[in-house]
There are 4 protein chains.
Amino acid sequence: MTYSVAVSGASGYAGGEILRILAAHPDVEIRTVTAHSNAGQPLIQHQPHLRSLRHLTLRETTPEVLAGHDIVFLALPHGQSGQFTDALAGTPLVIDAGADHRLESVTDWNRFYGGEFHDPWAYGVPELLVDGVKQRARLVGATRIAAPGCNASTVSLSLAPGVAAGVIDAGDIVTVLAVGPSGAGKSLKTNLLASEILGSANPYAVGGTHRHIPEIRQALTAAGAGDGIRISFTPVLVPMARGILATSTAPIARGATDAQIRAAWEDAYGDETFVQLLAPGEFPRTADVLGANTALMGLAIDRDADRVVVVTAVDNLVKGTAGAAVQSMNIALGLPEGTALSTDGVSP
Amino acid sequence: MTYSVAVSGASGYAGGEILRILAAHPDVEIRTVTAHSNAGQPLIQHQPHLRSLRHLTLRETTPEVLAGHDIVFLALPHGQSGQFTDALAGTPLVIDAGADHRLESVTDWNRFYGGEFHDPWAYGVPELLVDGVKQRARLVGATRIAAPGCNASTVSLSLAPGVAAGVIDAGDIVTVLAVGPSGAGKSLKTNLLASEILGSANPYAVGGTHRHIPEIRQALTAAGAGDGIRISFTPVLVPMARGILATSTAPIARGATDAQIRAAWEDAYGDETFVQLLAPGEFPRTADVLGANTALMGLAIDRDADRVVVVTAVDNLVKGTAGAAVQSMNIALGLPEGTALSTDGVSP
Amino acid sequence: MTYSVAVSGASGYAGGEILRILAAHPDVEIRTVTAHSNAGQPLIQHQPHLRSLRHLTLRETTPEVLAGHDIVFLALPHGQSGQFTDALAGTPLVIDAGADHRLESVTDWNRFYGGEFHDPWAYGVPELLVDGVKQRARLVGATRIAAPGCNASTVSLSLAPGVAAGVIDAGDIVTVLAVGPSGAGKSLKTNLLASEILGSANPYAVGGTHRHIPEIRQALTAAGAGDGIRISFTPVLVPMARGILATSTAPIARGATDAQIRAAWEDAYGDETFVQLLAPGEFPRTADVLGANTALMGLAIDRDADRVVVVTAVDNLVKGTAGAAVQSMNIALGLPEGTALSTDGVSP
Amino acid sequence: MTYSVAVSGASGYAGGEILRILAAHPDVEIRTVTAHSNAGQPLIQHQPHLRSLRHLTLRETTPEVLAGHDIVFLALPHGQSGQFTDALAGTPLVIDAGADHRLESVTDWNRFYGGEFHDPWAYGVPELLVDGVKQRARLVGATRIAAPGCNASTVSLSLAPGVAAGVIDAGDIVTVLAVGPSGAGKSLKTNLLASEILGSANPYAVGGTHRHIPEIRQALTAAGAGDGIRISFTPVLVPMARGILATSTAPIARGATDAQIRAAWEDAYGDETFVQLLAPGEFPRTADVLGANTALMGLAIDRDADRVVVVTAVDNLVKGTAGAAVQSMNIALGLPEGTALSTDGVSP
């Protein structure tokens, strides 16, 4: 069977990446692409790298245009997906790349986002440990899926094994992320201009204000951390178009041995295709996962600092967003999980 | 009076930056430049940006060549400066940009460097709080100065005010640094090739092995932390030639108020020219200090995470190395401290 | 049928890219990977992005190790492929990514390369016009294929249509290329260090000395230029890991109309998948072809300058090298030409 | 005497660079900075690298605010400087960094810019050969100066010596420039976003449409080319914040010897401080002139191509704009020409 697909927000970065991956997917037909101000223009004008889709024209992002497909991807700014929920009631599978359906807590939503709250959907991070089982189980047959925040899923995947196994203390997590500007979207903001970012490392959202913090807290709570989670979270824009390198640390739980610690991560990810733990002493680079759906992870146990250090590299647009969405789609539809997804990065 | 100067390691990045700054210094004459394998060649062949010094030829790095100057800068690989100590006994001022004269602890030296231990020299970070007074006082009239490690001084300056004031707990410091590859020198290593670094964020020395860790511990101990210091330190190479953006966090000391915390940094740096604290809510970018001797610092107090977050930007080759060396030289000689040093970065 | 494959030079950039593409090729089995100084080590240690091939170990590059496969790829430094010619006499298909089998002229070889001359093999640029037909025809059933020089094929593809149609004058070609450093390989040279390339544009081989010049001359002669070719060729290293943006200009042939000029390129490439001509007024970016086998081309007719300007973007490691090699392999073996090759770039 | 200065457009890139240079100028006092939409805000908010000017507040860009200074710098978008001409009639020295007062030809102005034409002012490229003498002579005592277009002056300086000496043919110039995005200003355009430029080479204004073409034609005509000038001009955005690397070629004039050709450039620039010709076989990199007022030039004579190739590196914001403006100001005022200007780049 071939599934018909519509992708909204198709002129943006997240939408473009969903299209890039789906263009090579044997089981889907990209029937409709929509945009807001760019509606009516050829897709290729806004995504000149998607040569295989140069026959497509952007249509308006309306419920009418999106309805009638087997699958709809929403790649819209935060707060705009929710309005389509009702209109797409008849759509078998809807996957939201925005934040509208990620958070379970109204309080968190109001504090970090604001605007109307929407029900949470199945969280699109299949490898995440939730109450001792992988999130994958909840995605089988799902009809509504929330793709994760790229920074959030990177940090959550980094620490969930240690939290679930009780070998780290979630009460004093510190994470600092080097991130590429594509995660901020194709927005016309001075701080996203090339001249501002080339040759510079630029922090933002310092001091506990980043919107992905409650998403991490939610995921790690579900992984077993209980209520005592505290996270210091600092993202730093660096001059690479894509990529997240998250350095996440947490105190070693009292009495945890090195073997127990390492086993927590090996047990969690030893069988996974798209989350790979590197050998002791090895750490990943974002170039290694460019264009790939792989989260590469290195683990250090620093007894002097009394902390576990997990360094994880992902491509924010793939494993962080569009790849997670397609992987989740594959699971939901019962297709081979890795269809159209690569583990190999484009490097150098 | 004009001081005659010799700079060893003049074909490398640190040596080149010392020369760039000294070339504009009205009180010194760059008389001699030396190198190892490149001796005999024109300086301009290895430092094609130093147009004003194209009359100089690299000589051998030997005690004989270096002797007889008023000031000698050593910009040599670690472990190579010590051999010149005796030979330069008659030199009025020697400034070492290497690590040989930074550490006070033989144990630390043996663990992180190895080889022969050398006596520590006056540490070239004038603004650092040491036992309640600025390190500047110890540099006045100094004859032997150790320029700091670039990452070490950045982190030490970031946290010393909080440590000295007792408003943070030095027992669980976590610092992650985005750094440019010039800090690693002009070494021919695969991991320093452009193809490996462009478009990628690459961690190294993860898990407590970086050589700057004992230097930070030493500085913060002197600032007032006592013996209980623990530091999780992770550097990440990012695609910018220069710059360090250090995100340093430490637990808020019990009972410390926001006002007390902020006052600690304001009191420490309010009168400083080359260490500047930004207004609340503002954080620095490395581009803002490119080519400048300025450490720009932003401070956040994250009560959710119960941590102070200090983000500091420096140019690793200027305030991190060569600028610190020249600033210290100025102080030692009784010259105006900012001679030949700029506070303004070259941006964008 | 599944073809067994050996790839030599597997720890380098060209070898790595051949492996990345072949890893997704349904008709081949990567059985053997070889290297020189890195033999005996896991492939993943040198190609950490090739997660799907982490079971492979590098073996010695010897005739014995390479023999016995259906297909052998040679990705060796120039001058090293020729030694394997005799030893691989029994191998059904050998594809050389080096220069040893590209040039037909001993004189050119001696002037630009030197060392032993080897017979030219079928040139691996299927879309190139040769005596009025596409080079593709000569690749069908070929058993020995020379993948092109990345800069050479980019310029040759840019201008061959105009030369073949007689609408441009090949007697005064000027081409300037912005190129990423990966084209220079994983060589430990100071000028390839990240600190030297980040934030800078660096010319090299200025003034007619680049080795790809005779290769272009050979291709354009075959396209119909006759003997009067002159090429001013200047490559400029720019801070991107991959990519070539070639700006190639040639005088408009006397009397050629705009319509005739544009038709020359449209006729040549209108039916091609991997060489695509953009609409008038549109020009390509290298990001649009990153990781893709596509050569994207824009054409301008500048009557003030009396020149045609062709701007072409390729990924030097894909369409410039490894993609060209696999595309040629597919043709030689009678497989669908685009197997394992993407037209869509990874962008942003 | 200290000259009072006002800088309009002070929140932009060109204005910021004028300020950076003037901040270190001993003979001027920066009294007023103005902006358009940012008026009323602290300068430091828009130029966070100008630490020494953090006491300044942006005022409205009006004739009243600008009047009353000894010197006014206009760093406004094209077409906006002209309106101040009358209002600043009483200002002793006005320097325009925009295009409004560069072109002598109304026809060129109408074709490439449009809007009201304004009289040309003294062209701010002191080293340019004009009718056999340096432009410097026309700047002595000048009261109205037009700083050059960054690309235009780079190409004009590159070729004027050959044109003036009659050793190259200006009838078929081809120039291709690798340029950083800061030349395009702090404009909010999608094609200037970091995600669009990082890792990519992006051509623009291909085919003879760039506005700097008539400016080059005007300069080279004045240098001696007569009316027969033709220029193929292609700029390519590359991922570096600053810098222009211009590769300019022209046919060798019939009969010109290598010695005559080289002598043309040596004679022109041998005594210049800020335009330096490199030794034969050497070519410049943009990093070598970052932050410096130097144009570094390499010359090749390619007899196979029958062309002279001149590769010139400048910092577009310094020698290309703000440095040229200050250098011209120094000359106009009778100050030492190099005051506040460095020949040494900030590298790596």
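Reading the values: the criteria
Residues numbered from 1 in each chain as written. Chains lettered and ligands numbered in written order. Predicted model: local features only at pLDDT ≥ 70, side-chain atom pairs only at ≥ 80, totals over all residues. Heavy atoms only, no water. Helix = DSSP H or I, 4+ residues; strand = E, 2+ residues; numbered from the N terminus. Rg over C-alpha atoms; globule rule 2.2 N^0.38 Å. Buried < 20%, exposed > 50% of the residue type's maximum accessible area, 1.4 Å probe, protein only. Contact = heavy atoms within 4.5 Å. Areas by Shrake-Rupley, 256 points an atom, 1.4 Å probe, with all protein chains shown as cover. Lys, Arg positive; Asp, Glu negative; His and termini not counted. Charge placed at Lys NZ, Arg CZ, Asp CG, Glu CD. Expected span 1.5 Å × (residues − 1). Arc of directions from axis to C-beta. UniProt positions renumbered as here; feature names shortened; annotations may be inferred. Pairing = 2+ DSSP bridges. Axes fitted to C-alpha atoms, helices over the stretch in contact; angles between N-to-C directions. pLDDT = per-residue confidence, 0-100. Least-squares fit on C-alpha atoms with pLDDT ≥ 70 in both. Phe/Tyr/Trp six-rings, centres within 6.5 Å; stacked < 30°, edge-to-face > 60°. Lys NZ or Arg CZ within 6 Å of the ring centre and 35° of its normal. Parallel < 35°, antiparallel > 145°, perpendicular 65-115°, else oblique. Left-handed = near helix turned anticlockwise from the far one by under 90°. Nonpolar A, V, L, I, M, F, W, Y, C, P; charged D, E, K, R; others polar. Core = buried A, V, L, I, M, F, W, Y, C linked by side-chain atoms within 4.5 Å. Salt bridge = Lys/Arg side-chain N within 4 Å of Asp/Glu carboxyl O. Buried area = accessible area lost by both parts, 1.4 Å probe. Polar contact = N/O pair within 3.5 Å; in protein donor to acceptor, adjacent residues only side chain to side chain.

Caption draft 1: Examining the overall build of chain A more closely. When you go through chain A residue by residue, the secondary structure sums to 10 helices and 16 strands. Taken over C-alpha atoms, the radius of gyration comes to 19 Å for chain A, in line with the 20 Å a tight globule of 348 residues would show. If you line up chain A on its principal axes, its C-alpha atoms span 60 × 45 × 40 Å. Per-residue burial for chain A yields a buried fraction of 68% across its 348 residues. If you take every contact in chain A between residues at least 6 apart in sequence, the share linking residues at least 24 apart comes to 70%. By element, 48% of the accessible surface of chain A is carried by carbon and sulfur atoms, the whole surface being about 10600 Å². Taking the average place of the 23 positive charges on the side chains of chain A and the average place of its 33 negative ones, the gap between the two points comes to 4 Å.

Caption draft 2: Examining helix H9 (residues 258–269) of chain C more closely. Residues and elements named next belong to chain C. Taking 1.5 Å of rise per residue, the 12 residues of H9 would be expected to cover 16 Å, and the 17 Å separating its terminal C-alpha atoms lies within 8% of that figure. Taken together, the buried positions of H9 are Ile261, Arg262, Ala264, Trp265, Ala268 and Tyr269. An end-on view of H9 places all buried positions within 145° of arc, on one side of the element. Opposite the buried face of H9, by more than 90 degrees, sit the exposed residues Ala259 and Asp267. Tucked inside the fold, the buried residues of H9 contact strand S7 (129–130), strand S8 (133–134), helix H6 (150–165), strand S14 (275–277), strand S15 (295–302) and strand S16 (307–314).

Caption draft 3: Region of interest: the UniProt feature "active site" (unreviewed entry) in chain A. Residues and elements named next belong to chain A. Per the UniProt entry, the sites bearing "active site" (unreviewed entry) are Cys150 in this numbering. Tracing the backbone shows Cys150 in helix H6 (residues 150–165). When sequence neighbours within four positions are dropped, the list of residues in contact with Cys150 reads His212, Ile244, Asn316, Gly320 and Thr321.

Caption draft 4: Structural context of the sheet that holds strand S16 (residues 307–314) of chain D. All names here are of chain D. Strand order across the open sheet formed by 7 strands is S11-S12-S10-S13-S16-S15-S14, with mixed pairing between neighbours. Each having just a single partner strand, strand S11 (202–203) and strand S14 (275–277) make up the two edges of the open sheet. Relative to strand S13 (residues 244–251), helix H6 (residues 150–165) is tilted by about 45°, and along the sheet it contacts strand S10 (173–179), strand S12 (231–237), S13, S14, strand S15 (295–302) and S16.

Caption draft 5: Region of the structure containing the confidence of the model for chain A. The predicted model of chain A averages 97 in pLDDT, with 100% of residues at 70 or higher. Both scores are available for the predicted complex, with the pTM at 0.97 and the ipTM at 0.96.

Caption draft 6: Expanded view of the relation of the copies chain A and chain B. Between chain A and chain B, the superposition needs a rotation of 180° and an axial shift of 0.0 Å, giving an RMSD of 0.0 Å. In symmetry terms, the pair is related by a two-fold rotation axis. Comparing interface residues between copies, 100% of those in chain A also sit at the interface in chain B, which points to an isologous, same-surface contact.

Caption draft 7: How the structure looks around the packing of aromatic side chains. Scanning the entire structure with this criterion turns up 5 aromatic pairs over all chains. When the ring of A:Trp109 is compared with that of A:Tyr113, the centres are 4.6 Å apart and the planes differ by 15°; the resulting orientation is stacked. Neither residue differs from the other here; A:Trp109 and A:Tyr113 are each classed as buried. One aromatic cluster is present, formed by A:Trp109, A:Tyr113 and A:Phe117 through successive ring pairs. A cation sits over an aromatic face here: B:Arg144 above B:Trp121, 6.0 Å from the ring centre.

Caption draft 8: Quick peek at the packing of helix H1 (residues 13–22) of chain C against helix H10 (residues 318–333) of chain C. Residue and element names in this part refer to chain C. At a minimum axis distance of 9 Å, the contact between H1 and H10 shows a crossing angle of 45°. Of the possible angle classes, the one that applies to H1 and H10 is oblique. With respect to the hand of their crossing, H1 and H10 are arranged in right-handed fashion. Within the contact between the two elements, H1 uses Ala14, Glu17, Ile18, Arg20, Ile21 and Leu22 and H10 uses Val318, Thr321, Ala322, Gly323, Val326 and Met329. Across the contact of H1 with H10, the residue classes tally to 8 nonpolar, 2 polar and 2 charged.

Caption draft 9: Geometry of the nonpolar core. B:Trp265 and C:Trp265 are the most contacted members of the largest nonpolar core, which has 110 residues in total. Apart from residues lying up to four places away in sequence, B:Trp265 is in contact with B:Ser158, B:Leu159, B:Pro161, B:Gly162, B:Val167, B:Ile168, B:Gly270, B:Leu277, B:Met297, B:Leu299, B:Val308 and B:Val310. Counting 105 residues, the second-largest nonpolar core is a separate cluster that includes A:Tyr13, A:Ala152, D:Leu159 and D:Ile216.

Caption draft 10: Looking closely at the side chain of A:His49. As for its position among the elements, A:His49 is in the loop between helix H2 (43–46) and strand S3 (58–60). Residues contacting A:His49, with those up to four places away along its chain left out, are C:Ala287, C:Asp288, C:Thr343, C:Asp344, C:Gly345 and C:Ser347.

Caption draft 11: Molecular detail of the environment of B:Ala146. Residues and elements named next belong to chain B. Relative to the helices and strands, Ala146 is located in strand S9 (residues 144–146). Residues Ala146 and Tyr3 lie 143 residues apart in sequence; the distance between their C-alpha atoms is 19 Å. Setting aside anything within four residues of it in sequence, one finds Ala146 in contact with Asp96, His101, Arg102, Trp121, Ala122, Tyr123 and Gly124.

Caption draft 12: The sheet that holds strand S2 (residues 28–35) of chain D, seen in detail. All names here are of chain D. Read from one edge to the other, the open sheet built from 7 strands follows the order S3-S2-S1-S4-S5-S9-S6, with strand pairing classed as parallel. Strands at the two margins of the open sheet, each flanked by one partner only, are strand S3 (58–60) and strand S6 (122–123). Bridging between S6 and strand S9 (residues 144–146) involves 2 bridges; their strand directions are parallel. Within S9, the residue paired with Tyr123 across the bridge is Ala146.

Caption draft 13: Summary view of the pattern of salt bridges. Scanning the entire structure with this criterion turns up 72 salt bridges over all chains. Between B:Lys319 and B:Glu127 there is a salt bridge, with the nearest N and O atoms lying 2.9 Å from each other. Of this pair, B:Lys319 sits in helix H10 (residues 318–333) while B:Glu127 sits in the loop between strand S6 (122–123) and strand S7 (129–130), and the two are 192 residues apart along the sequence. What you see here is one network of salt bridges that share partners, running through A:Glu17, A:Arg20, A:Arg242 and A:Asp315.

Caption draft 14: Representation of the interface of chain B and chain D within the structure. If you look at the interface, chain B gives 29 residues, while chain D gives 29 residues. When the two sides are added together, the surface that chain B and chain D hide from each other amounts to roughly 2200 Å², 55% of it contributed by carbon and sulfur. When the buried surface of chain B facing chain D is broken down by residue, B:His49, B:Arg51 and B:Pro348 rank first, second and third, together holding 30% of it. Linking chain B to chain D there are 0 salt bridges. For the pair chain B and chain D, the number of links is 16 residue pairs in polar contact (both at pLDDT 80 or more). With 3 residues, helix H1 (residues 13–22) of chain B is the single largest residue contributor to the side of chain B that touches chain D. When the residues that make up the side of chain B that touches chain D are grouped by side-chain class, the tally is 12 nonpolar, 9 polar and 8 charged.

Caption draft 15: Molecular detail of the UniProt feature "domain: Semialdehyde dehydrogenase NAD-binding" (unreviewed entry) in chain A. UniProt records the feature "domain: Semialdehyde dehydrogenase NAD-binding" (unreviewed entry) for residues 4–136 of chain A in the present numbering. End C-alpha to end C-alpha, residues 4–136 of chain A measures 23 Å, and it is 20% helix and 22% strand.

Caption draft 16: Inspection of the pairing of strand S2 (residues 28–35) of chain C at higher detail. Residues and elements named next belong to chain C. Among the 8 residues of S2, 6 are classified as buried, and the element is accordingly described as predominantly covered. For strand S1 (residues 3–7) and S2, the ladder comprises 5 bridges, and the chain directions are parallel. Opposite Tyr3, over in S2, you have Val28 as the bridge partner. Where S2 lies against strand S3 (residues 58–60), 3 bridges are found, and the strand directions are parallel. Residue pairing across strands places Val33 opposite Leu58, the latter belonging to S3.

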